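Spelled out, the chains give:
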Amino acid sequence: MKLVVLGACGGIGQTLSLLLRTNALIDELVLYDVVDPVGVATDLSHIPTRQKIRHFCPLSKTDDSQLRMALQDANVVVIPAGIPRKPGMSRDDLFNINASIVQQLVKVYGEICPEAFLAIISNPVNSTVPIAAEQLRSQNCFHPERLFGITTLDSLRLEQFLGELTGEWDVQGQVYTVGGHSGETIVPVLGNWRLRLSPEQIKGLVNRVRYAGDEVVQAKQGKGSATLSMAAAANRFLCGILRAICTGETVDEVAFVNVSRLKADDCFVREMMHKVEFFGVPISLGPEGVAKVKSLGSLSADEKEAISHSLPTLCAQIAKGARFVKESK
Ligand code: NAI
């Protein structure tokens, strides 16, 4: 199993690579960055595992030979490359820089390893995932069941903040967020936990999860956004993917995926899938990628309303990503 981290020298990339270094399902961990990852790779290589570790860096601004070598025979590719937010910025403000970075990396992925699972961290996820899809479509190698935007951090935050309210932290899979990965497009789904909370607590919890990224951006005072918690979130998601590929087990995850052609268990989800091309949903993963969209269970009226409310913003951000690729041709 070969896993490639594109953007491995950044705040997320380094921490994520550390967590992946001890994953026994990975035979080869490849670090790629425009800043030479030799130091990070050498440092990690002293952690004893049988895993092989390799590093690549472009030889010049226009060189993609090293990226091609990095991606050769990859099974899983994760992209945390790009710039993070500073105080006062929205994720959408990152679009101009990160859109090109993601498009360029995905173009080479499409040429070298289009069958690999591709997981995108770079923001704004609501647009960078559609950018990847549109780029791959233009290369006739789009496999929608293997393209993911990682939204796991929103679910991690929901689990933690719910724990702070209830004293129960073992709620993974019982609560999660759906929709997108910015502001009001993030929709927490609380399942039966909603019965343990007052309406005010639910309102506060939903709002905190939606804007938790700002808490970190402000606390870091201009030195970046969430890196440690994001690396933990990405590691959780990638462990799920690796298990699905390596063991053939069906694994449940939540991710921002192309929902237009997926099978879905419940009719609310099916209805919503006709209105939006990409959506963060609970999914069953198999060795070939997403097998189906799972049921959202019984949603409250507020949760249904929040999902409907998220759709216009989400559709606009998805369209912005697709337009960027079309206009760059
Ligand atoms: P960072 O600035 O610390 O690291 C980014 C890395 O990408 C740097 O090492 C940089 O050299 C590298 N890079 C830039 N262009 C590249 C290219 N063309 N090829 C390869 N590497 C390249 O940023 P950080 O904090 O690690 O964040 C990375 C991205 O993740 C940002 O866009 C941020 O907004 C996003 N993010 C996403 C979250 C999510 O929930 N999906 C949560 C937190 C951050």
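Quick look at the structure, then. Please read these numbers as outputs of a predicted model, since none were measured by experiment. (Residues numbered from 1 in each chain as written. Predicted model: local features only at pLDDT ≥ 70, side-chain atom pairs only at ≥ 80, totals over all residues. Heavy atoms only, no water.)

## Things to note about the site of the ligand
Next, step 1: If you check the shell around the ligand, you find 29 residues, and the closest are Gly-11, Ile-12, Asp-33, Ile-83 and His-181.
Next, step 2: Backbone polar atom of Gly-11 to an oxygen atom of the ligand: 2.8 Å apart, as the coordinates give it.
Next, step 3: Contacts to the ligand include Gly-82, whose backbone N or O atom sits 3.3 Å from an oxygen atom.
Next, step 4: Relative to its free-state accessible area of 870 Å², the ligand is covered by the protein chains to the extent of 87%. (Near = heavy atom within 4 Å. Polar contact = N/O pair within 3.5 Å; in protein donor to acceptor, adjacent residues only side chain to side chain. Areas by Shrake-Rupley, 256 points an atom, 1.4 Å probe, with all protein chains shown as cover.)

## Observations concerning helix H2 (residues 38-45)
Next, step 1: What H2 keeps buried is the set Val-40, Ala-41 and Leu-44. Down the axis of H2, the buried side of the element spans an arc of 95 degrees, and every buried residue falls inside it.
Next, step 2: Those residues of H2 that are buried lie in contact with helix H1 (11-21), strand E2 (28-32) and strand E3 (52-56). (Buried < 20%, exposed > 50% of the residue type's maximum accessible area, 1.4 Å probe, protein only. Helix = DSSP H or I, 4+ residues; strand = E, 2+ residues; numbered from the N terminus. Arc of directions from axis to C-beta. Contact = heavy atoms within 4.5 Å.)

## Observations concerning the layout of surface pockets
Next, step 1: Here the largest pocket is characterised by a volume of approximately 1,000 Å³.
Next, step 2: Surrounding the largest pocket, 47 residues form its lining, Pro-80, Ala-81, Gly-82, Ile-83 and Ile-101 being those nearest its centre.
Next, step 3: Put simply, the parts of the chain that give the lining of the largest pocket at least two residues each are H1, helix H3 (65-71), helix H4 (95-112) and helix H6 (152-166).
Next, step 4: Of the residues that constitute the lining of the largest pocket, the class distribution is 20 nonpolar, 16 polar and 11 charged.
Next, step 5: Computed from the structure, the second largest pocket encloses a volume of approximately 360 Å³.
Next, step 6: Lining the second largest pocket we find 16 residues, and of these Ile-202, Val-206, Asp-302, Glu-303 and Ala-306 sit closest to its centre.
Next, step 7: Secondary-structure elements contributing two or more residues to the lining of the second largest pocket are strand E8 (186-189), helix H7 (199-210) and helix H11 (301-328). (1 Å grid on protein atoms, 1.4 Å probe; cavity = no way out; pocket = protein on both sides within 12 Å on 5 of 7 lines; lining within 4 Å. Points joined across faces, edges and corners; volume = space filled by probe spheres on them. Nonpolar A, V, L, I, M, F, W, Y, C, P; charged D, E, K, R; others polar.)

## Comments concerning the nonpolar core
Next, step 1: One finds Val-77, Phe-148 and Phe-279 to be the most contacted residues of the largest nonpolar core, which totals 97 residues.
Next, step 2: Grouped together as the second largest cluster of nonpolar side chains are 12 residues, Leu-158, Phe-161, Leu-197 and Val-209 included. (Core = buried A, V, L, I, M, F, W, Y, C linked by side-chain atoms within 4.5 Å.)

## A look at unusual backbone geometry
A negative phi angle characterises most non-glycine residues, just as the trans form characterises most peptide bonds.
Next, step 1: That bond from Asn-123 to Pro-124 is cis: its omega, -5 degrees, falls within 30 degrees of zero.
Next, step 2: Tracing the backbone shows Pro-124 in the loop between strand E5 (117-120) and helix H5 (125-138).
Next, step 3: Unlike most non-glycine residues, Asn-140 shows phi in positive territory, near 55 degrees.
Next, step 4: Examined against the element boundaries, Asn-140 turns out to sit in the loop between H5 and strand E6 (147-149).
Next, step 5: Positive phi, close to 50 degrees, is recorded for Gln-221, a residue that is not glycine.
Next, step 6: Inspection of the secondary structure assignment puts Gln-221 in the loop between helix H8 (212-219) and helix H9 (228-247).
Next, step 7: For Gln-221, a relative accessible area of 64% corresponds to the exposed category.

## Some words on the packing of aromatic side chains
Both the distance between ring centres and the angle between the ring planes are used here to describe each pair of aromatic rings.
Next, step 1: Counted by the stated rule, this structure contains 4 aromatic pairs.
Next, step 2: With 5.6 Å between their ring centres and 90 degrees between their planes, Phe-95 and Phe-324 make a pair best called edge-to-face. Residue Phe-95 is located in helix H4, and its partner Phe-324 is located in helix H11; the two are separated by 229 residues in the primary sequence. In terms of burial, Phe-95 and Phe-324 fall into one category: buried.
Next, step 3: Arranged with centres 6.0 Å apart and planes meeting at 25 degrees, the rings of Phe-256 and Phe-278 form a pair that is stacked. One end of the pair, Phe-256, is in strand E9 (residues 251-258); the other, Phe-278, is in strand E10 (residues 278-286), with 22 residues separating them in the sequence. Comparing Phe-256 with Phe-278, the two get one shared label, buried.
Next, step 4: Here the aromatic residues Phe-117, Phe-148 and Phe-237 are joined through ring pairs into a cluster of three or more.
Next, step 5: A cation over an aromatic ring shows up here: Arg-208 above the ring of Phe-161, its NZ or CZ 3.7 Å from the ring centre. (Phe/Tyr/Trp six-rings, centres within 6.5 Å; stacked < 30°, edge-to-face > 60°. Lys NZ or Arg CZ within 6 Å of the ring centre and 35° of its normal.)

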